[in-house]
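Breakdown of the fold
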Amino acid sequence: RRRFVRCAVNMGEQEDELRAARIRHGLKLSAGGLSVLAAVAILLIAAGVFDPKTLGPLIQTDRLGAHTLKQPGDVFIPLSAPWASAAAPNRFSVRLKAAYQEGELDSGFGLALGDGSSRLVVALSPLGYVTVQRDGGDDPPTYLLPWQTWPHVRPGPAENELWLDVDNGNDGRTDVTAWINRELLWRGELDKVPDGLSLWLDTYGAAVTVDFRSLEWFAAP
């Protein structure tokens, strides 16, 4: 009887050890599978699979260079589109890469969509702030997104990417989507088709210089 009890205990211990070994093996397989999935996700992110898509292929790249604003206020720097105004596409994207270079940190830079009487300004600051505003010429701007911190802005002299998607509908209205560093910042609607695109530069104090490194234009043929 003692021998039987001893055998039963040994068999129970072996079953426990076997069960524990199976659990350890399953955990190793699970950990390995998660590592593979994480590696695949990192590769896909690095390849830009999850990035927003432009509204058409690349048409033109402009090298704009540095611009300096010497006194408080803002300035609009008109840009030349790679198409005639009469043949403007209904859907297009513009992608600006720019960086604060020197001077006043309490400043901003970005893109302005529209003409002198009505512009939509999307901008960021080297202090880490962003804004979306309507500029009506002589009237004070209307803030759709007041100046506020945003975690995806790269502060100081780091390069930032500002991207606008413009989709002109058949009803005379225009959908605009703004991205900063491939992260969605704002989406809204304009009550008329915008005419023109400008760089926007602003300072609230001393002179500021911003390097507008490149502007890419995208549109479907």
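Nothing here was measured: the structure is a model prediction, and the numbers come from that model.

1. Describing the sheet that holds strand S3 (residues 73–78)
In spatial order, the strands read S3-S12-S5-S6-S7-S8; together these six strands make up an open sheet with antiparallel pairing. Only two strands of the sheet have a single neighbouring strand rather than two, namely S3 and strand S8 (139–149). Averaged over neighbouring strand pairs, the angle between their axes works out to 20° when direction is ignored.

2. Side note on unusual backbone geometry
If you check the backbone angles, asparagine 181 has positive phi at about 55° while not being a glycine. Structurally, asparagine 181 is set in the loop between strand S10 (174–180) and strand S11 (183–190). Of the residues examined, asparagine 181 reaches a relative accessible area of 9% and is grouped as buried. One non-glycine residue, arginine 182, lies in the positive phi region at around 65°. For arginine 182, the location among the structural elements is in the loop between S10 and S11. Residue arginine 182 is classed as partly exposed on the basis of its relative accessible area, which comes to 27%.

3. Some thoughts on the environment of alanine 66
Here alanine 66 is to be found in strand S2 (residues 65–69). We classify alanine 66 as partly exposed; its relative accessible area is 43%. C-alpha of alanine 66 to C-alpha of alanine 99: the two residues are 33 residues apart in sequence and 9.2 Å apart in space. Residue contacts for alanine 66: discarding those within four places in its chain leaves Gln101, Thr209, Val210, Asp211 and Phe212.

4. With respect to the side chain of serine 125
Checked against the element boundaries, serine 125 lands in the loop between strand S6 (118–124) and strand S7 (129–136). Exposure remark for serine 125: the relative accessible area of 3% places this residue in the buried category. A polar contact of 3.0 Å, which involves the side chain of serine 125, links it to the backbone oxygen of serine 107. Discounting chain neighbours no more than four positions away, the residues touching serine 125 are Leu105, Ser107, Gly108, Trp147 and Val153.

5. Focus on the pattern of salt bridges
Inspection of the entire model under this criterion finds seven salt bridges. The salt bridge involving arginine 95 is made with glutamate 216; its shortest N-O contact spans 2.8 Å. Within this pair, whereas arginine 95 is found in strand S4 (residues 91–103), its partner glutamate 216 is found in strand S13 (residues 208–219), the two being separated by 121 residues in sequence. For the pair shown, arginine 95 and glutamate 216 are each scored as buried. When the shortest N-O distance is used, the salt bridge between glutamate 189 and arginine 173 registers 2.7 Å. Pair noted here: glutamate 189 is in strand S11 and arginine 173 is in the loop between strand S9 (160–168) and S10, with a separation of 16 residues, a long-range link. By relative accessible area, which is 37% here, glutamate 189 ends up partly exposed. Three or more residues are tied together by salt bridges with common partners; here these are Arg95, Glu161, Arg182 and Glu216.

Criteria and cut-off values
Residues numbered from 1 in each chain as written. Predicted model: local features only at pLDDT ≥ 70, side-chain atom pairs only at ≥ 80, totals over all residues. Heavy atoms only, no water. Pairing = 2+ DSSP bridges. Helix = DSSP H or I, 4+ residues; strand = E, 2+ residues; numbered from the N terminus. Axes fitted to C-alpha atoms, helices over the stretch in contact; angles between N-to-C directions. Buried < 20%, exposed > 50% of the residue type's maximum accessible area, 1.4 Å probe, protein only. Contact = heavy atoms within 4.5 Å. Polar contact = N/O pair within 3.5 Å; in protein donor to acceptor, adjacent residues only side chain to side chain. Salt bridge = Lys/Arg side-chain N within 4 Å of Asp/Glu carboxyl O.

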